[in-house]
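Commentary on secondary and tertiary structure
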Amino acid sequence: MAAMWLARRAARRLPPLLSRQGGEPTRPWFLGSTAPPPVLGSPPLPAVERIFRRGFCSVRRFAGESSAAAAADADEEEPENGFAGGDQAIDFPGGKVSFMAEMNFLPESHGERIKCYRVLDDDGKTISGSRFQEVSKEVAVKMYSEMVTLHIMDNIFYEAQRQGRISFYLTSNGEEAINIASAAALSIDDIVLPQYREPGVLMWRGFTLQEFANQCFGNNMDYGKGRQMPIHYGSNRLNYFTVSSPIATQLPHAVGAAYSLKMDKKDACAITYFGDGGTSEGDFHAALNFAAVMEAPVIFFCRNNGWAISTPTTEQFRSDGVVIRGQAYGIRGIRVDGNDALAVYSAVHAAREMAIAEGRPILVEVQNKNNSTKLHYLKQQNFIV
Ligand SMILES: Cc1ncc(C[n+]2csc(CCOP(=O)(O)OP(=O)(O)O)c2C)c(N)n1
Ligand SMILES: [Mg+2]
């Protein structure tokens, strides 16, 4: 009924527009305004384009419209409920959109900041009522031991780099739980597309200390034969793509990898790691949109440590961190405490199950303040010793 009325109105409105060729284009204006719309710099549209746009928008009514067509519309018998409210809606791709009479702009934020999921409190005690995925004692001990191993490996290689024995190194100091706990929640069939601060994921999968050293020193046992910069690890055997130097390029790749897993009906997902700095690249947005539309089983795992080298997140974005951006693309997400291994483990475990079972991307934002980027920047500036 409403659709027929809209179609009739749209058809009737086209002729008057034809007669306005060369005049000012009719612009929507704010509700209740009697002033003419401001001229916003762009020249009048060609008549054909005006008609096209008008035709597309013809289901809308703007109270500020003062054209003859708008006046004529007022005489048209409208359904009782009018445009604002009632059961009328615009049938738009993705679902029906209902109308409102108020000119409500969406607020720039939800007001309250998105909460951060944690299981353990600051003293390492389980918070009562917290929901988490149990880990066996064996897995818990392995997690702890590998976090310590990663920390020691980092210290040795970092010192080697400072001594000039290797040309480059980045530590994961303060992000050991993020590395190890997320790796523990995955299956070896899951494909990892890393940034550069996730060697713990490779360590968890069985990359040996010797293999790490081979790559950093670029010796004849290095799988890349010394062609890469240090810390650009990769392993076919362990389903770990080679670290990508250009920030965020691994994100769209991860969507493609995840989609191929889905097409092959594999019980596996892809996971891609990146920092807050990675979200400032266009590839982040392209990948999220791509994954949402393709329903790819990929986990976007953002390590938000507050800094992209010396650029703080306050100079990168104004949104409530990273997780909120998933909603704009239709992606489910969670914010997790990066110092809580059990929370990271539980969140990735659940994300993996949802990604595979429901064929959907999931965004995990792990927040962590103990980051080595900032620490090393301060060290290099001699602010701390
Ligand atoms: C496309 C591109 N731009 C700039 C750089 C230089 N760069 C290397 S690391 C880095 C910061 C990345 O920050 P983030 O993603 O937050 O990771 P973090 O180091 O904090 O773990 C930048 C800008 C790069 N590697 N690639
Ligand atoms: Mg960062």
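Counting of residues starts from 1 at the beginning of each chain's written sequence and follows it residue by residue. Going through the entries in the order they are written, you letter the chains from A and number the ligands from 1. Totals for whole chains, interfaces and linings use every residue, but because this is a predicted model, local features are given only for residues with pLDDT of at least 70 and side-chain atom pairs only at 80 or more, for both listing and counting.

1. Topic: the overall build of the protein
Counted only if it meets this: Each helix is a run of H or I in the DSSP string that is no shorter than four residues. Each strand is a run of E no shorter than two, and both are numbered from the N terminus. Each residue is classified by how many other C-beta atoms fall within 10 Å of its C-beta atom, where C-beta atoms are placed from the backbone; a count of 20 or more means buried, 12 or fewer means exposed, and values in between mean partly exposed.
Across its full length, the protein holds twelve helices and nine strands. Classification of the 385 residues of the protein by burial places 32% in the buried group.

2. A closer look at the packing of helix α4 (residues 137–162) against helix α5 (residues 176–184)
Two packed helices can be described by the angle between their axes and the distance between those axes. Rules: To get an axis, a line is fitted to the C-alpha atoms, and for a helix only the part in contact is used. The angle between two axes follows their N-to-C directions and goes from 0 to 180 degrees. Note that the term roughly parallel is reserved for angles under 35 degrees, roughly antiparallel for angles over 145, roughly perpendicular for angles of 65 to 115, and oblique for everything else. Handedness of each helix crossing follows the sense of rotation of the near helix against the far helix: counterclockwise by less than a right angle gives left-handed, clockwise gives right-handed. Any residue pair is listed as a contact if its two C-beta atoms, each placed from the backbone, are within 7 Å.
Contact geometry of α4 with α5 gives a least axis separation of 9 Å together with a crossing angle of 140°. Judged on the interaxial angle alone, α5 and α4 are oblique. In this structure, α4 meets α5 at a crossing whose hand is right-handed. Here Val139, Met143, Glu146, Met147, Leu150 and His151 of α4 come into contact with α5, specifically with Glu176, Ala177, Asn179, Ile180, Ala181 and Ala184.

3. Thoughts on the sheet that holds strand β3 (residues 191–193)
The test is simple: A pair of strands counts as paired when DSSP detects no fewer than two bridges linking them.
In space, the five strands of this open sheet follow the order β3-β4-β5-β9-β8, with parallel pairing throughout. In this open sheet, the two edge strands, each paired with only one partner strand, are β3 and β8 (332–337). On average, each strand axis in the sheet is inclined to that of its neighbour by 20°, with strand direction left out of account. Contacts from helix α8 (residues 250–263) reach β3, β4 (270–275) and β5 (298–304) within the one sheet, and its direction differs from that of β4 by about 170°.

4. Describing the site of ligand 1
We count it as follows: Using a C-beta atom placed from the backbone, a residue is described as near a molecule or strand when that atom lies within 6 Å of it. Throughout this entry, Asp, Glu, Lys and Arg are counted as charged residues, while Ala, Val, Leu, Ile, Met, Phe, Trp, Tyr, Cys and Pro are counted as nonpolar. The remaining residues, Gly among them, count as polar.
Neighbouring residues of ligand 1: 15 residues in total, closest Pro246, Ile247, Gly275, Gly277 and Ala308. Where the shell around ligand 1 is concerned, the elements lending two or more residues are β4 and β6 (307–308). Looking at the shell around ligand 1 residue by residue, the classes come out as six nonpolar, six polar and three charged.

5. Details of the pairing of β5
So the rule is basically this: Assignment of crossover handedness uses the view with strands pointing away from the viewer, where a clockwise path from the first strand over the helix to the second indicates a right-handed crossover.
Within β5, seven of the seven residues are buried, which leaves the element mostly enclosed by the surrounding structure. Side chains Val298, Phe300, Cys302 and Asn304 project from β5 onto one buried face, and the interleaved Ile299, Phe301 and Arg303 project onto a second face that is buried too. Bridge analysis of β4 against β5 gives six bridges, and the strand direction is parallel. Residue pairing in the sheet places Tyr273 in a bridge with Phe301 of β5. Each parallel crossover has a hand, and the one from β4 via helix α9 (residues 282–294) to β5 is right-handed. Both β5 and strand β9 (residues 362–367) contribute to a ladder of six bridges, which runs parallel.

6. Some details on the nonpolar core
Quick reminder of the rule: By convention in this section, buried Ala, Val, Leu, Ile, Met, Phe, Trp, Tyr and Cys residues joined through C-beta atoms within 7 Å make up a nonpolar core.
With 71 residues, the main nonpolar core has Val298, Ile299, Val344 and Val364 as its most contacted residues. Tallying contributions element by element places helix α11 (residues 341–358) first for this core, with ten residues. Each residue touching Val364, except ones within four places of it in the same chain, is listed here: Ile299, Phe300, Phe301, Cys302, Gly333, Ile334, Val336, Ala347, Val348 and Ala351.

7. Some points on the environment of Thr313
Here Thr313 is to be found in the loop between β7 (311–312) and α10 (323–328). Sequence separation between Thr313 and Gly277 is 36 residues; the distance between their C-alpha atoms is 7.8 Å. Apart from the residues within four sequence positions on either side, Thr313 is in contact with Asp276, Asn304 and Gly306.

8. Here we look at the pairing of β9
Extensive coverage of β9 is indicated by the burial of six of its six residues. The side-chain alternation of β9 yields two buried faces, one formed by Ile362, Val364 and Val366 and the other by Leu363, Glu365 and Gln367. Note: β8 against β9, six bridges, orientation parallel. By the bridge assignment for β9, Gly333 is matched with Leu363.

9. Considering the confidence of the model for the protein
Short version of the rule: Confidence of the predictor at the level of single residues is captured by pLDDT, which takes values from 0 to 100.
Here the protein averages 83 in pLDDT, while 74% of its residues score no lower than 70. The low-confidence segment residues 1–7 (pLDDT under 50) makes four contacts with residues lying over four places distant or belonging to another chain. Confidence drops under a pLDDT of 50 for residues 37–42, and excluding neighbours within four residues, the segment shows two contacts in the predicted structure.

10. As for unusual backbone geometry
Although it is not a glycine, Lys225 sits at a positive phi angle of roughly 55°. Looking at the element boundaries, Lys225 is found in the loop between α7 (209–217) and α8. Of note in this structure, Glu295 is not a glycine but carries a positive phi near 50°.

11. A short note on the environment of Phe301
The residue Phe301 is located in strand β5 in this model. The class of Phe301 is buried, set by 28 C-beta atoms lying within 10 Å. C-alpha of Phe301 to C-alpha of Pro194: the two residues are 107 residues apart in sequence and 9.5 Å apart in space. With residues up to four places along the chain from it excluded, the contact list for Phe301 reads Ser182, Ile271, Thr272, Tyr273 and Val364.

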